[in-house]
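Coordinate inspection notes
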Amino acid sequence: MSSVQIKPRDADDLTTAERVRILAKTARFDPPAAKLADGRRELVGLSREELLAELAAIGQKPFRAKQIWHWIYHQGVTEFSRMSSIARPLQEELAKQFVIGRPEAALVQTSADETRKFLFRFRDGQEAETVYIPDRQEDRGAVCISSQVGCTLSCRFCHTGTQTLVRNLGAAEIVGQFMAARDSYNEWPSPKGETPRLLSTIVLMGMGEPLYNYANVAKAMTIVMDNEGIALSRRRITLSTSGVVPMMDRCGSELGVNLAVSLHAVRDDLRDELVPLNRKYPIAELMAACRRYPAASNARRITFEYVMLKGINDTPEDARALVRLIAGIPAKVNLIPFNPWPGSAYETSTRAAIDAFAQIVMDAGFSSPVRSPRGRDILAACGQLRTESRKEGPRA
Ligand code: SAH
Ligand code: SF4
């Protein structure tokens, strides 16, 4: 070979090596095995293939897996004795081998504005929060799900960022948050067709960076989207990332869910400070990944999240730079007034500054809704989540 061509980092360079590194690193934070002390296996969170294999191992034919899947994810039952299409002896046998669990709701708080926050405790005692945000006008709402206990990143304005990463949540724990939230609103069986659906969308915007726990998040979303179960369309799921560029392509091609990108600054020097991950994947690379995100179209725009921090990132100049940056991307800009938390160092932009910013973005042809804070009184608003969960001593 003659000369080696040096090209700027692009999609190809970022793919294999970088993804392998990220996936290997995140695997170190894997959740404990989904087995009880008595040896019973958790069925929630298994892929269809895995469920099939578990049942085959006790001599059951494939149609059983289909039936049980339907009971778990469509009917929402947690007891085998309620599976009326299954004969009693087999129900008993299943109950000896398996369990259909839910994370324990250690604390449930409902805000004055009806937002409900759940503190879920998992089998090993670790905790994460989930928030249900009902629509103000209609009988629907979003469930904001956590993907990790804590976060490896430390965005300066985010409460979760002050807590180190304890561990990743497993697929069972991620799907389990949604299922337990549904339990809380008696929303089983899964509503079909025109039936109002209170828990109608999922936003992966809780604690943690979902693209640093891609395998578990992807498995959980595949379960949630399965047509014979919860059957939520990919259009009703939005994954928010602080910009893990190499995993964005994969998320787009494999899951095709809506993407939200936590931008928050239009210059690298400022974004380096606010979202330290920017030092690894700077704005230009992030924008390139957005431009090639396969699930983006005029009907399914990428959401750019922009937290409004007084005197930091909220000038008309910032707004103009923002529209130049996202020009040509099917996008909308979600302006999030900063939500304070105990000890936070920033202030929320003034209403006038937010409105002026929104107007510039709108005049450039992008929708720019201002996200009204929900559940601030119970620390349930964007960026306020944090738990007391801690790592238990050093790991081998
Ligand atoms: N880790 C992912 C998803 C969770 S955070 C991410 O960063 O995108 C969901 C959104 O809330 C992000 O846009 C995040 O930047 C924003 N956010 C964090 N702290 C906030 C705060 N104190 N006030 C308002 N928004 C905040
Ligand atoms: Fe982690 Fe997102 Fe908070 Fe940043 S904003 S610390 S990526 S949860």
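Residues numbered from 1 in each chain as written. Chains lettered and ligands numbered in written order. Predicted model: local features only at pLDDT ≥ 70, side-chain atom pairs only at ≥ 80, totals over all residues.

1. Thoughts on the overall build of the protein
Definition in use: Every helix listed is a DSSP run of H or I at least four residues long, and every strand listed is a run of E at least two residues long, numbered separately from the N terminus. Using C-alpha atoms as the atom set, the radius of gyration is obtained and then compared with a globule rule of 2.2 Å times the number of residues to the power 0.38. Exposure classes come from backbone-placed C-beta atoms, where a residue is buried if 20 or more other C-beta atoms lie within 10 Å of its own, exposed if 12 or fewer do, and partly exposed in between. Any two residues are considered in contact once their C-beta atoms, placed from the backbone, lie within 7 Å.
When its secondary structure is counted, the protein shows 12 helices and 13 strands. In summary, the protein has a C-alpha radius of gyration of 22 Å against a globular reference of 21 Å for 396 residues, a match within 12%. With respect to the principal axes defined by its C-alpha atoms, the protein has extents near 70 × 65 × 45 Å. Counting over 396 residues, the protein shows a buried share of 42%. Counted over contacts in the protein with a minimum sequence separation of 6, partners at least 24 positions apart contribute 70%.

2. Here's the deal with unusual backbone geometry
A cis amide bond links W188 with the next residue in sequence, P189, at an omega value of -5°. Tracing the chain through its elements places P189 in the loop between α6 (171–184) and β9 (201–204). Positive phi, normally seen in glycine, also occurs at E114, with a value near 80°. Within the secondary structure layout, E114 lies in the loop between β3 (104–110) and β4 (116–121). With 14 C-beta atoms packed within 10 Å, E114 lands in the partly exposed category. A positive phi angle, close to 70°, is found at H264, a residue other than glycine.

3. Some words on the site of ligand 1
Condition: Nearness here has a simple definition: the residue's C-beta atom, placed using the backbone, must lie within 6 Å of the molecule or strand.
Taken together, 16 residues sit near ligand 1, with C158, S262, E305, C382 and G383 positioned nearest. Of all the secondary structure elements, the ones that give two or more residues to the shell around ligand 1 are β10 (237–241) and β12 (302–308).

4. Focus: the pairing of β9
To be explicit about the condition: Two strands pair under a simple rule: DSSP has to find at least two bridges between them. For crossovers, right-handed means that the path from the first strand over the helix to the second runs clockwise, given strands pointing away from the viewer.
Across three bridges, the pairing between strand β6 (residues 141–144) and β9 is parallel. Paired with C144 across the strands is V203, a residue of β9. Note that β9 and β10 share three bridges and pair parallel. Opposite L204, over in β10, you have L239 as the bridge partner. Following the backbone out of β9, through helix α7 (residues 214–225) and into the adjacent parallel β10, one traces a crossover that is right-handed.

5. Brief notes about the packing of helix α11 (residues 316–326) against helix α12 (residues 351–363)
Condition: Under this scheme, a helix contributes an axis fitted over its contacting stretch, all axes are lines through C-alpha atoms, and angles between N-to-C directions fall in the 0 to 180 degree range. Any angle that falls under 35 degrees is termed roughly parallel, while one over 145 is termed roughly antiparallel, one within 65 to 115 roughly perpendicular, and all others oblique. When the near helix sits turned anticlockwise from the far one by under a right angle, the crossing is termed left-handed; a clockwise turn instead gives a right-handed crossing. Each residue gets one label: Ala, Val, Leu, Ile, Met, Phe, Trp, Tyr, Cys and Pro are nonpolar, Asp, Glu, Lys and Arg are charged, and the others, such as Gly, are polar.
Here α11 crosses α12 at 25°, and the two axes come no closer than 9 Å. By the criterion of interaxial angle, the relationship of α11 to α12 is roughly parallel. Here the hand of the crossing between α11 and α12 comes out right-handed. Across from P316, A319, R320, L322 and V323 in α11, the residues of α12 making contact are A356, F357, I360 and V361. Considering only residue class, the contact of α11 with α12 consists of eight nonpolar, no polar and one charged.

6. Focus on the confidence of the model for the protein
Defined as follows: pLDDT is a residue-level measure of predictor confidence that goes from 0 to 100.
Chain-level pLDDT for the protein is 92 on average; 94% of the residues reach the 70-or-more range. Across residues 1–6, where pLDDT falls below 50, the model places zero contacts with residues more than four positions away in sequence or in other chains.

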